[in-house]
Amino acid sequence: MMNDKKNNPLIIYQTEDGTVKIETHFENETIWLSTEHIAELFQRDRTVITKHIRNIFNEGELTEEVVCANFAHTTQHGAIEGKIQTKSVKYYSLDVIISVGYRVKSHRGVHFRKWATALIKEYLIND
């Protein structure tokens with residue numbers, strides 16, 4: 001599902017069995033997910049995803065500065081009631097997500113790659 005792409009659309013990916021639903025924004029012509037979301041998406045431990053991402057960069061498959069972005073998240077402070085804190089979280093572009101999906105070789109990876117390919121085609125056709 002995708003909203004008006006001119007206004008930073010919300011994209012929702014849901015697994016075939018409906019157990020995982022991930023929302024992300026389409027920004028700068030790609031989607032972005034955190035390590036935590038990628039781990040949830042592919043049903044792997046976050047440490048496994050981190051290892052794959054590190055290998056992707058170490059092997060020169062992708063350049064970290066090009067496919068990573070830090071987004072600020074504002075949350076309630078855990079220890080001080082009423083206080084808000086901002087935390088910077090690293091997000092990875094669709095290029096990284098797909099590369100990780102090929103490395104984890106899971107059913108979820110295959111399903112996600114098909115979904116992402118269809119989404120890109122839809123975006124190109126409607127642009």
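Remember, it's a predicted structure, so these values are computed and weren't measured experimentally.

Enquirer: Give me the lowdown on the pattern of salt bridges, citing residues and values where you can.
Expert: Summed over the entire model, instances satisfying the criterion amount to 3 salt bridges. Across the pair glutamate 64 and lysine 90 runs a salt bridge, and its minimum N-O distance is 2.7 Å. Taken together, the positions of glutamate 64 in helix H3 (residues 64–67) and lysine 90 in strand S5 (residues 84–93) put the pair 26 residues apart, joining distant regions of the chain. The exposure class of glutamate 64 is partly exposed, given its relative accessible area of 31%.

Enquirer: How would you sum up the nonpolar core? Please name residues and give values.
Expert: In terms of nonpolar packing, the biggest core is built from 23 residues, with Ile38, Phe42, Phe57, Val100 and Phe112 touching the most fellow members. Every element with two or more residues in this core is listed here: strand S3 (30–34), helix H1 (35–42), helix H2 (46–58), helix H4 (94–104) and helix H5 (107–126).

Enquirer: A description of the environment of histidine 73 should follow, citing residues and the corresponding values.
Expert: Structurally, the position occupied by histidine 73 is in strand S4 (residues 68–76). Distance in space between the C-alpha atoms of histidine 73 and glutamine 85 is 8.2 Å, their sequence separation being 12 residues. When near neighbours in sequence (up to four residues on either side) are disregarded, histidine 73 contacts Gln85, Thr86, Lys87, Val89 and Tyr91.

Enquirer: So what's going on with the packing of H2 against H4? Residues and values would help.
Expert: Angle between the axes and distance between the axes are the two parameters that describe a pair of packed helices. Contact geometry for H2 and H4: axes closest at 10 Å, N-to-C directions at 110 degrees. Taken together, the axes of H2 and H4 lie roughly perpendicular to each other. When the axes of H2 and H4 are compared, the crossing they make is right-handed. Between H2 and H4, the residues in contact are Ile49, His52, Ile53, Asn55, Ile56 and Phe57 and Val96, Ser99, Val100, Arg103 and Val104, respectively. Class assignment of the residues belonging to the contact of H2 with H4 gives a composition of 7 nonpolar, 3 polar and 1 charged.

Scoring rules and cut-offs
- Residues numbered from 1 in each chain as written.
- Predicted model: local features only at pLDDT ≥ 70, side-chain atom pairs only at ≥ 80, totals over all residues.
- Heavy atoms only, no water.
- Salt bridge = Lys/Arg side-chain N within 4 Å of Asp/Glu carboxyl O.
- Helix = DSSP H or I, 4+ residues; strand = E, 2+ residues; numbered from the N terminus.
- Buried < 20%, exposed > 50% of the residue type's maximum accessible area, 1.4 Å probe, protein only.
- Core = buried A, V, L, I, M, F, W, Y, C linked by side-chain atoms within 4.5 Å.
- Contact = heavy atoms within 4.5 Å.
- Axes fitted to C-alpha atoms, helices over the stretch in contact; angles between N-to-C directions.
- Parallel < 35°, antiparallel > 145°, perpendicular 65-115°, else oblique.
- Left-handed = near helix turned anticlockwise from the far one by under 90°.
- Nonpolar A, V, L, I, M, F, W, Y, C, P; charged D, E, K, R; others polar.

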